Amino acid sequence: MSEIAADPSHPRYQSLLMRHRLEEAEKKGMLAGSALIAHGRGEAFDYLLGEQTIPSAMIATQQAVALMASANHPIISLNGNVVALAGKEVLHLAHQLKCPVEINIFYRTPERMEALLFHLNEIKQQEGLDVEIFGAEPDARIPGLEGPRANCSKQGIFESDVILVPLEDGDRCEALVAMGKTVLVIDLNPLSRTARMASVTIVDELTRVISNMNRILLSDESPQQVEKYQNAQILQEALAHIATFLSPEV
Ligand code: PTJ
């Protein structure tokens, strides 16, 4: 790690650490060619949010945790960026929720699948976590999608009722909603098709969300659904926050 990225007192420490994690994952063959572009877009939106968890994102996070905790077949879908940025923390989340994860990547190649599975199994072993990892042998397809990105596991994503899909693409989000699933997404861009299609949209940075979720589950109180939750209002509040950021009072 570069000297700056290793120094937690550096003002850009978190951002540098995330970039470092992506660089390392790239060397291990885990990432899609466009992974860094996707991350850059996320960084730009995070800047507009003030690199913080805004109140509406916290409400969406609480709703998502409550829905996962009360689901019959919850699952967390993982792609290259998510494994690179928060592989360990996501496996802890799955362990706490007692739910499986599935590697379900947009740009699917056998080499990437192998690298991602190897990385996650290594973390699972090191951390002593009890989490089932699907994705190695897809045996079902998400209806309405073409090509390898439709592949999934019958016992995993296909049969899930509530699915957490951080950094999902719009098509797949739409296809999962069309299957009747409750789809929970994490996306820093409140204008993306994914953000607008999902049942619950957490407009916040992935690693902050996962650590908030783990914290909620570690607290003594059992997660409760938010009364009269309205996802459109959550998106509106994120946009309003950005608008305030763009026109600060001087
Ligand atoms: O590993 P694969 O093959 O499944 O590919 C993964 C990527 C992310 C490359 C692929 O899904 C992709 O191209 O995604 P998009 O369509 O660029 O969308 C990524 C969305 O995630 C954008 O709206 C970004 O703003 C958002 N985003 C990026 N980084 C973060 C993020 N949201 C939250 N936290 C982040 N760290």
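Below or above, wherever it landed, is the structure these notes cover. Worth saying up front: this structure is predicted, and the values here are computed from it rather than measured. (Residues numbered from 1 in each chain as written. Predicted model: local features only at pLDDT ≥ 70, side-chain atom pairs only at ≥ 80, totals over all residues. Heavy atoms only, no water.)

1. Quick word on the pattern of salt bridges
Thinking step 1. Going through the model one piece at a time under the given rule, you end up with 12 salt bridges.
Thinking step 2. A salt bridge links Asp-169 to Arg-172, with the nearest nitrogen and oxygen atoms 3.6 Å apart.
Thinking step 3. On the accessibility criterion, Arg-172 (2% relative accessible area) is buried.
Thinking step 4. One salt bridge connects Arg-193 with Glu-174, and the closest N-O pair in it is separated by 2.7 Å. Highlighted residues: Arg-193 in helix α8 (residues 193–197) and Glu-174 in helix α7 (residues 170–178), separated in sequence by 19 residues.
Thinking step 5. Using a relative accessible area of 35% as the deciding quantity, one classes Arg-193 as partly exposed.
Thinking step 6. In this structure Glu-174 comes out as partly exposed when scored by relative accessible area, which is 35%. (Salt bridge = Lys/Arg side-chain N within 4 Å of Asp/Glu carboxyl O. Buried < 20%, exposed > 50% of the residue type's maximum accessible area, 1.4 Å probe, protein only. Helix = DSSP H or I, 4+ residues; strand = E, 2+ residues; numbered from the N terminus.)

2. Considering the site of the ligand
Thinking step 1. Taken together, 21 residues lie near the ligand, and Gly-80, Phe-106, Tyr-107, Arg-112 and Asp-187 sit nearest.
Thinking step 2. At a separation of 2.9 Å, a nitrogen atom of the ligand approaches a polar backbone atom of Leu-206.
Thinking step 3. For the ligand, the protein covers 93% of the area, taking 740 Å² as the surface of the free molecule.
Thinking step 4. If you map the ligand onto the pockets, it falls in the largest pocket.
Thinking step 5. Here the element with the most residues in the shell around the ligand is helix α2 (residues 35–48); it accounts for four residues.
Thinking step 6. For the shell around the ligand, a count of residues per class yields 10 nonpolar, six polar and five charged. (Near = heavy atom within 4 Å. Polar contact = N/O pair within 3.5 Å; in protein donor to acceptor, adjacent residues only side chain to side chain. Areas by Shrake-Rupley, 256 points an atom, 1.4 Å probe, with all protein chains shown as cover. 1 Å grid on protein atoms, 1.4 Å probe; cavity = no way out; pocket = protein on both sides within 12 Å on 5 of 7 lines; lining within 4 Å. Sits in = over half its atoms within 2 Å of the grid points. Nonpolar A, V, L, I, M, F, W, Y, C, P; charged D, E, K, R; others polar.)

3. Examining unusual backbone geometry
Thinking step 1. Here the phi dihedral of Lys-98 falls at roughly 55 degrees; this positive angle occurs in a residue that is not glycine.
Thinking step 2. By the element assignment, Lys-98 lies in the loop between α4 (80–97) and β2 (101–103).
Thinking step 3. Of note in this structure, Lys-228 is not a glycine but carries a positive phi near 50 degrees.
Thinking step 4. Mapped onto the elements of the fold, Lys-228 is located in the loop between α9 (206–218) and α10 (231–246).

4. A closer look at helix α3 (residues 55–69)
Thinking step 1. Helix length check: α3, at 15 residues, gives a terminal C-alpha distance of 21 Å against a target of 21 Å (1.5 Å per residue), a fit within 8%.
Thinking step 2. Among all positions of α3, only Ser-56, Ala-57, Ala-60, Thr-61, Gln-63, Ala-64, Val-65, Ala-66, Leu-67 and Met-68 are buried. (Expected span 1.5 Å × (residues − 1).)

5. A few points about empty space enclosed by the protein
To locate leftover empty space, one rolls a probe as large as a water molecule over the atoms.
Thinking step 1. Across all of its chains, the model carries one cavity of 30 Å³ or more by this definition.
Thinking step 2. By volume, the largest cavity is sized at about 40 Å³.
Thinking step 3. Among the secondary structure elements, those contributing two or more residues to the lining of the largest cavity are β1 (74–78) and β6 (162–166). (Points joined across faces, edges and corners; volume = space filled by probe spheres on them.)

6. Overview of the side chain of Thr-201
Thinking step 1. Its place among the elements puts Thr-201 in strand β8 (residues 200–202).
Thinking step 2. Reaching out from Thr-201, the side chain makes a polar contact with the backbone oxygen of Ala-195 at a distance of 2.7 Å.
Thinking step 3. Setting aside residues no more than four positions away along its own chain, Thr-201 makes contact with Ala-60, Val-185, Ala-195, Tyr-229, Asn-231, Ile-234 and Leu-235. (Contact = heavy atoms within 4.5 Å.)

7. What about the sheet that holds strand β7 (residues 182–186)?
Thinking step 1. Reading across the sheet, the six strands line up as β3-β2-β1-β6-β7-β8 and stay open at both edges, with parallel pairing between neighbours. In this open sheet, the two strands that pair with only one neighbour each are β3 (133–134) and β8.
Thinking step 2. Along the sheet, α3 makes contact with β1, β6, β7 and β8, crossing β8 at roughly 130 degrees.
Thinking step 3. Strand contacts of α7: β6 and β7, with the helix running at about 155 degrees to β7, the strand carrying the most contacts. (Pairing = 2+ DSSP bridges. Axes fitted to C-alpha atoms, helices over the stretch in contact; angles between N-to-C directions.)

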